Amino acid sequence: MFDKIAFFLEHYFDLGINERDINFRSMWQDSVGFGKRKYHYKNLLNPKQNFALSSLYWISKDFFEKFEDSPNPELKRIKEIRNALEHKYVKITDSFFDKLTEEYGDGLALYISEKELYDATFVLLKILREAIINLSLCVNIAEEPKREESKGKLIMPIRLMDYEDDWKI
């Protein structure tokens, strides 16, 4: 989901990053690649001009900087779980068997209790929710100058339906 946010920001702000190079980590830099393959972005994101963009920047720092410097060090374990899910495999165990499975494991699997996976998932969902809210705020802030320019012009309103709280999940 964070890479999807990066794709959206790249398109919205027209950063000029090649599609294969877009990710939540690289979009905050000014160039990507090495040697002859290195190129500079057309536009740069400036988190100082938009507080919501700054929040997204700090969320990315939580994931990709050294974890001893991170204000959210619990993401280190989430990063380990993600890495194991993508590159190795994960064995979900009952918390009663944690020590036993680590001792007799094969070295390739990441052993994690069901409760730890549940807790890590909810931490990640909270951070993702925060990122989506900040993405919405970021676009709203970026659109404000466009609204000021269009004063006096006819703009058609978009009506949105109200939903009862009972309908929401």
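Here the residue index of a chain counts from 1 through its sequence in written order. Predicted model: local features are reported for residues with pLDDT of at least 70 only, side-chain atom pairs are reported and counted for 80 or more only, and whole-chain, interface and lining totals are derived from all residues. Only hydrogens and water are set aside; all other atoms, that is, all heavy atoms of the structure, feed into the side-chain values.

### Some details on the packing of helix H2 (residues 51–64) against helix H5 (residues 114–149)
And step 1. Relative orientation of the contacting elements H2 and H5 amounts to 150 degrees, with a least axis distance of 7 Å. The pairing of H2 with H5 is recorded here as roughly antiparallel in orientation. For the crossing formed where H2 meets H5, the hand is left-handed. On the side of H2, the interface is formed by Phe51, Ala52, Leu53, Ser55, Leu56, Ile59 and Phe63, while H5 contributes Leu124, Ile127, Glu130, Ala131, Asn134, Leu135, Leu137, Cys138 and Ile141.
And step 2. Classifying every residue of the contact of H2 with H5 by side-chain character gives 13 nonpolar, 2 polar and 1 charged. An axis is simply a line fitted to the C-alpha atoms; with a helix, the fit covers only the stretch in contact. Between two such axes, the angle follows the N-to-C directions and lies from 0 to 180 degrees. Only DSSP runs of H or I with at least four residues qualify as helices, and only runs of E with at least two residues qualify as strands; both kinds are numbered from the N terminus onward. Roughly parallel covers angles under 35 degrees, roughly antiparallel covers those over 145, roughly perpendicular covers 65 to 115, and oblique covers all other angles. By convention the crossing between two helices is left-handed if the near helix lies anticlockwise of the far one by an angle smaller than a right angle, and right-handed if it lies clockwise. Whether two residues are in contact is decided by their heavy atoms, any of which lying within 4.5 Å being enough. Each residue is assigned to one of three groups, with Ala, Val, Leu, Ile, Met, Phe, Trp, Tyr, Cys and Pro labelled nonpolar, Asp, Glu, Lys and Arg labelled charged, and all others, Gly among them, labelled polar.

### Some thoughts on H5
And step 1. Here, expected helix span is obtained from the residue count minus one, scaled by 1.5 Å. If you check H5, its first and last C-alpha atoms are 53 Å apart, about what 36 residues at 1.5 Å a residue would give, namely 52 Å.
And step 2. The angle between axes fitted to the seven residues ending at a residue and the seven residues starting there is what we call the bend at that residue. At glutamate 143, H5 is bent by approximately 30 degrees, the largest bend along its length, and proline proline 145 sits one to four residues beyond.
And step 3. Three or more residues of H5 are buried, namely Ala120, Ile127, Leu128, Ala131, Asn134, Leu135, Cys138 and Val139.
And step 4. In this fold, the buried residues of H5 make contact with helix H1 (2–13), H2 and helix H3 (75–87). Partly exposed describes any residue whose relative accessible area lies between the buried limit of under 20% and the exposed limit of over 50%, with all areas from a 1.4 Å probe on protein chains only and scaled to the type maximum.

### Observations concerning the pattern of salt bridges
And step 1. Salt bridge, as applied in this entry: a Lys or Arg side-chain nitrogen positioned within 4 Å of an Asp or Glu carboxyl oxygen. In total, this model carries 6 salt bridges according to the counting rule given.
And step 2. Among the ionic pairs, arginine 82 bridges to glutamate 86, the shortest N-O distance being 2.3 Å. Taken together, the positions of arginine 82 and glutamate 86, both in helix H3 and 4 residues apart, correspond to about one turn of that helix.
And step 3. For arginine 82, a relative accessible area of 41% puts it in the partly exposed group.
And step 4. Look at glutamate 86 and you get exposed, because its relative accessible area is 53%.
And step 5. One salt bridge connects aspartate 119 with lysine 115, and the closest N-O pair in it is separated by 2.8 Å.

### Let's talk about a nonpolar patch on the surface
And step 1. A contiguous nonpolar surface patch, about 280 Å² in accessible area, is contributed by Phe51, Ile133 and Leu137.
And step 2. Within the secondary structure, isoleucine 133 sits in helix H5. Residues enter patches when their relative accessible area tops 30% and they take part in no salt bridge; the joining distance is 9 Å for like charges and 5 Å for the nonpolar side chains Val, Leu, Ile, Met, Phe, Trp and Tyr. Here the Shrake-Rupley method, with its probe set to 1.4 Å, supplies the accessible areas, and only the displayed protein chains count as covering residues.

### So, the environment of lysine 88
And step 1. Within the element layout of this structure, lysine 88 appears in the loop between H3 and strand S3 (89–93).
And step 2. Relative accessible area serves as the criterion here: at 44%, lysine 88 is assigned to the partly exposed category.
And step 3. C-alpha of lysine 88 to C-alpha of glycine 107: the two residues are 19 residues apart in sequence and 9.9 Å apart in space.
And step 4. Not counting the four nearest positions on each side in its chain, lysine 88 is found in contact with Asn83 and Leu108.

### Quick look at the pairing of strand S4 (residues 109–113)
Two faces make up the sheet, and in a regular strand the side chains alternate between them.
And step 1. For S4, the buried fraction is high: 5 of the 5 residues fall into the buried class.
And step 2. Residues Ala109, Tyr111 and Ser113 of S4 are buried on one face, and the alternating residues Leu110 and Ile112, pointing to the opposite face, are buried as well.
And step 3. Two strands are counted as paired when DSSP detects at least two bridges linking them. Judged from the 5 bridges that link them, S3 and S4 form a sheet pairing that is parallel. Counted as the bridge partner of isoleucine 92 is isoleucine 112 from S4.

### A look at the confidence of the model for the chain
And step 1. The predictor's confidence in any single residue is recorded as pLDDT, a number from 0 to 100. Mean pLDDT over the chain works out to 81, with 88% of the residues at or above the 70 mark.
And step 2. Predicted confidence in the chain is weakest over helix H4 (residues 98–103), with a mean pLDDT of 57, and strongest over H5, with 90.

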